[in-house]
Every structure is written in C-alpha cells, then in structure tokens.
Amino acid sequence: MKKLFEVKNLNMHYRITDGILGNTKGYIYALNNVSIDIYKNEIMGLVGESGSGKSTFGNCILNLIMPTSGEILFNGKNILTFKRKQLKDFRKKARLIFQNPYMSLDPRMKIYNILEEPFIIHGIKDKKLIKEKIYEIISLTGLNNDDIYRYPHEFSGGQRQRIAIARAIILNPEFIVADEPVSALDVSIQAQIVNLLIDLKKHLNLTMLFISHDLSIVKYISDRIAVMYLGEIVETAKKEDFFNNYKHPYTQALLSAVPVISEKKNKSRTVISGEIPSVQNPPEGCKFHKRCPFAFERCKKEHPELKEITPEHKVRCFL
Ligand code: SF4
C-alpha cells in the first residue's frame, strides 16, 4: 500500500507564558513524538478521550498549526517546509470537515456562494465550470438543486453537515480530516452522514482521517485504527486485528466501556478510574500508569516505546 502521509516524531508543545513579562511558565504537551503513516485510499480512525491530542494532530497534518518539531510528509514532501504556492496547492488537496455544522457555515451566505467560495480563494474563475461542479457535488452529497438558493438556517443539522462535506470535497481533494463530524448530530442522522462519507471515499478515491471518541462509529467506518492517549499513539492496527486482538490496557478500557463492540471472546472488563492527567504535567514513565490496572514498578520510571507486535499492529506497553 502506498503512503499518502508519513508523520515522523511530531511534537506540539504550547508555551505557557505569564501575562506581563512573557516569561515561560511551562508547556502544554499536546503531541509527543507521534509517528504514524496514513495509506492512500484508507480511512484511518483516530480515537481517544477529549484532550488526548486528536484534533491537534488533525490540524497539524493539514498545516493549520505549525508543530514544535517533527516531519509531515505528504506524497513524500514535507508540508512544514512548503512555501506560499505549495501551501495553497496543498490546501486544495487536503481539506477539513468541522465538528459543528451550525458554526462552520456563514449564515449570511447562500449555499451556492458557500460552495463557490473555495474556487474564488484558489483563483478559479470559470463560472460555467464552477456551476457544473456545484450541481455535481450537490447531487453527490444528497442535496437538491434548489437548495443552493437557500441559507444555512433553513436546513437541519444533518443537511448542514452535507453542505459542509460538499464544501470540503468541491475542489477534488485527495485527503479529508473529518473531526468528530457526527458528534453534534442526532443519533438517527449520524449513520446517514457516516454512510455518505464511506460512499464519497469510494467514489472520489479519498483518503480520510476520521477523528472520534465513539468507537462504534470508528469501527463502522475505519480500515485502520489508532488510539491516542495524552498526546501519544498507544496502539494502532488494522480494524479486524484491532477489535479481535487489542492489547493496550487503555484500548481494553475504551472497549470495555462499549460492551457490545468487542469481538474478543470471554473478554474481562477493564475499568479505568480517574480523569485523563493534565497535559501540562504528564506523569513520568508510562503516561497511563496512574490509571492502569496492570501497572507495575517499571511503568512508573520508564517510558514504553511503540513496538510492532505483528505486522501493522503496534502497541506502547511493557506487557
Ligand atoms: Fe499499564 Fe505499564 Fe502497560 Fe503502561 S506500560 S499500559 S502502565 S502495564
């Protein structure tokens, strides 16, 4: 399989300063040495609790925020060194679907203008081509032709998310980050939007990073899954392997919280206690040791590496 993204040792540490003098008070360690590949035409599901660094990762690989260090190769080129022209081109190829369709659409613009805007930003002026493309995408995303003359407030949440998806794919991108794209929607609508994303991925040969805290949705949509905890990848595997042979205690705990999802026979429940520790003050050793029911002495002192245990299955745990 060809790699679309190769992310190497990505760190995002936000500096905290005191108000007046701007002295450094500390850091927020949002991402820590994240290394992961995303293959062409796959949907990579990224799961973890709120505050684990999932969205920061999504924003970094779209070059919307500049990480502290690391490399992000897109088709072999480091996007962090892109100059203006290359960056503009990259922004056409890699797009974001936001979580909240109520906030992401300008209420003063008609749908036609919302969908026309990306063309204008990228200097495409052919009105006939733009109109044809808008009608094509409207139909692909399950909206009606007449909808383009209406305003966002005239639509339901699910329809608004269809419009937001239409805007994200209108310039024929190669890659989409879908950041919790259904979490603001009614449960009854969520499946429709997830199915739409799966159809679009097939139809348009898209590669996707699907960020979610909901493992049942991630299981449905993803080809591979990565679990993030306190800014680190703790487990990654192909979907079948992930749900049949998950290894990391944190993955076990996430799956235990959704009892029907695991395909592992006779699994025992793993319960974790407490809140996710502060990203400002992450624990020494294994970052999960304060909540891990299997922690032992070594876990408090040494930091485990992400190790391959079978091809394509990596785990960060001494056990
Ligand atoms: Fe738990 Fe230790 Fe494994 Fe960390 S390294 S997940 S604390 S057993």
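Look up: the structure comes first, before these words.
The sections below set out a description of the structure shown in this document. All values reported here derive from a predicted model rather than from experimental measurement.

Helix and strand counts for the protein come out as ten helices and twelve strands. A compact globule built from 319 residues should have a C-alpha radius of gyration of about 20 Å, and the protein, at 21 Å, falls within 12% of that. Long-range contacts, defined as pairs at least 24 residues apart, comprise 63% of the intrachain contacts of the protein with a sequence gap of at least 6. Total accessible area computed for the protein in this model is approximately 15800 Å², and 50% of it derives from carbon and sulfur atoms. Here the protein contributes 47 positive and 35 negative side-chain charges, whose respective centroids are spaced 3 Å apart.

Another aspect to go through is the nonpolar core. Nonpolar side chains tend to gather and get buried jointly when the protein is soluble and globular. Ile 134, Ile 176, Phe 210 and Phe 242 are the most contacted members of the largest nonpolar core, which has 58 residues in total. Contact partners of Phe 210, with chain neighbours within four places excluded, come to Ile 43, Met 44, Gly 45, Leu 46, Ala 178, Pro 181, Leu 197, Ile 217, Val 218 and Ile 221. Grouped together as the second largest cluster of nonpolar side chains are 31 residues, Phe 57, Leu 62, Leu 209 and Ile 211 included.

Near the ligand the following residues occur: His 248, Pro 249, Cys 286, Phe 288, His 289, Cys 292, Phe 294, Ala 295, Cys 299, Cys 317, Phe 318 and Leu 319. Taken together, the residues of the shell around the ligand sort by class into ten nonpolar, two polar and no charged.

With that settled, the discussion passes to the packing of aromatic side chains. The relative placement of two aromatic rings is captured by the distance of their centres and the angle of their planes. Tallied over the full model, the rule gives ten aromatic pairs. Ring plane angle 55 degrees and centroid distance 5.0 Å describe the contact between Phe 5 and Phe 74, whose orientation is recorded as tilted. Taken as a pair, Phe 5 in strand E1 (residues 3–17) and Phe 74 in strand E4 (residues 69–74) lie far apart in primary sequence, 69 residues in all. Of the two residues, Phe 5 and Phe 74, both sit in the buried class. When the ring of Tyr 27 is compared with that of Tyr 29, the centres are 6.2 Å apart and the planes differ by 40 degrees; the resulting orientation is tilted. Within the aromatic cluster, the residues linked to one another by ring pairs are Phe 5, Phe 74, Phe 82, Phe 90 and Phe 175.

Moving on: the side chain of Thr 236. With respect to the helices, strands and loops of the structure, Thr 236 is situated in strand E10 (residues 232–238). For Thr 236, a relative accessible area of 6% corresponds to the buried category. In this structure the side chain of Thr 236 is engaged in a polar contact, spanning 3.2 Å, whose partner is the backbone oxygen of Ile 225. With residues up to four places along the chain from it excluded, the contact list for Thr 236 reads Ile 36, Met 44, Arg 224, Ile 225, Ala 226, Glu 312, His 313 and Lys 314.

Moving on, we come to the sheet that holds E1. Pairing within the open sheet is antiparallel, and its four strands lie in the order E2-E1-E4-E5. The open sheet has two free edges, formed respectively by strand E2 (24–39) and strand E5 (77–78), since each of these has just one partner strand. Strand direction decides the pairing type here: E1 and E2, joined by eleven bridges, are antiparallel. Opposite Leu 10, over in E2, you have Val 34 as the bridge partner. Sitting on the sheet, helix H1 (residues 54–61) is in contact with E1, E2 and E4, with an inclination near 115 degrees to E1.

Within the secondary structure layout, His 289 lies in the loop between helix H9 (249–256) and helix H10 (297–301). Taking relative accessible area as the criterion, His 289 reaches 13% and is therefore assigned buried. Once residues within four sequence positions are removed from consideration, His 289 is found in contact with Pro 283, Glu 284, Ala 295, Cys 299 and Lys 300.

On to the sheet that holds strand E11 (residues 307–310). Pairing in this open sheet of eight strands is mixed, and the strands run E6-E7-E8-E3-E9-E10-E12-E11 from one edge to the other. Each edge of the sheet is formed by a strand with only one pairing partner; in this case those strands are strand E6 (94–97) and E11. If you compare each strand with its neighbour and ignore which way they point, the axes differ by 25 degrees on average.

Listed as buried for helix H3 (residues 111–121) are Ile 111, Tyr 112, Ile 114, Leu 115, Glu 116, Pro 118 and Phe 119. After H3 finishes, the residue Gly 123 shows a positive phi value of roughly 70 degrees.

Looking now at the packing of helix H5 (residues 157–169) against helix H6 (residues 187–204). The axes of two packed helices give the description: the angle between them and the distance between them. In the contact formed by H5 and H6, the axes pass within 10 Å of each other and the chain directions differ by 20 degrees. What the angle tells us is that H5 and H6 run roughly parallel. Of the two possible hands of crossing, H5 and H6 adopt the one that is right-handed. Residues Gly 158, Gln 161, Arg 162, Ile 165 and Ile 169 of H5 pack against Ile 189, Gln 192, Ile 193, Leu 196, Leu 197, Leu 200 and Leu 204 of H6. Per-class residue counts for the contact of H5 with H6 are eight nonpolar, three polar and one charged.

Reading the values: the criteria
Here, residues in each chain are numbered from 1, in the same order as that chain's written sequence. Totals for whole chains, interfaces and linings use all residues, but because this is a predicted model, local features are given only for residues with pLDDT of at least 70 and pairs of side-chain atoms are given and counted only at 80 or more. Heavy atoms throughout the structure, all of them, feed into the side-chain values; hydrogens and water do not. Strands here are runs of E lasting at least two residues and helices are runs of H or I lasting at least four, both read from the DSSP assignment and numbered beginning at the N terminus. Within these notes, the globule rule equals 2.2 Å times the number of residues to the 0.38 power, and the radius of gyration is based on C-alpha atoms. Throughout, a contact is declared for two residues whenever any of their heavy atoms are within 4.5 Å. Using the Shrake-Rupley algorithm and a 1.4 Å probe, accessible areas are obtained, with residue cover drawn only from the displayed protein chains. Counting rule applied: Lys, Arg positive; Asp, Glu negative; His and chain ends not counted. The atoms used to mark charge sites are NZ of Lys, CZ of Arg, CG of Asp and CD of Glu. Working definition of a nonpolar core: buried Ala, Val, Leu, Ile, Met, Phe, Trp, Tyr and Cys residues. They are joined through side-chain atoms within 4.5 Å. Throughout, exposure labels follow a simple rule: accessible area from a 1.4 Å probe, protein chains only, divided by the maximum for the residue type, with under 20% read as buried, over 50% as exposed, and the rest as partly exposed. The near set for a molecule or strand comprises every residue that places at least one heavy atom within 4 Å of it. Just so you know the grouping, Ala, Val, Leu, Ile, Met, Phe, Trp, Tyr, Cys and Pro go in nonpolar, Asp, Glu, Lys and Arg go in charged, and all remaining residues, Gly too, go in polar. Note on ring pairs: Phe, Tyr and Trp rings are taken, using the six-membered ring of Trp, and paired if centres are within 6.5 Å. Classes follow the plane angle, with under 30 degrees stacked, over 60 edge-to-face and the rest tilted. Any pair of N or O atoms that falls within 3.5 Å is considered a polar contact. Within protein, one atom must be able to donate a hydrogen and the other to accept it, and sequence-neighbouring residues count only if both atoms are side-chain atoms. Strand pairing follows a simple DSSP-based rule, namely that at least 2 bridges must link the two strands. Axes here refer to lines fitted to C-alpha atoms; in helices the fit is confined to the stretch in contact. Angles between the N-to-C directions go from 0 to 180 degrees. Between 65 and 115 degrees an angle is taken as roughly perpendicular, under 35 as roughly parallel, over 145 as roughly antiparallel, and anywhere else as oblique. Here a crossing is called left-handed whenever its near helix is offset anticlockwise from the far helix by less than a right angle, and right-handed whenever the offset is clockwise.

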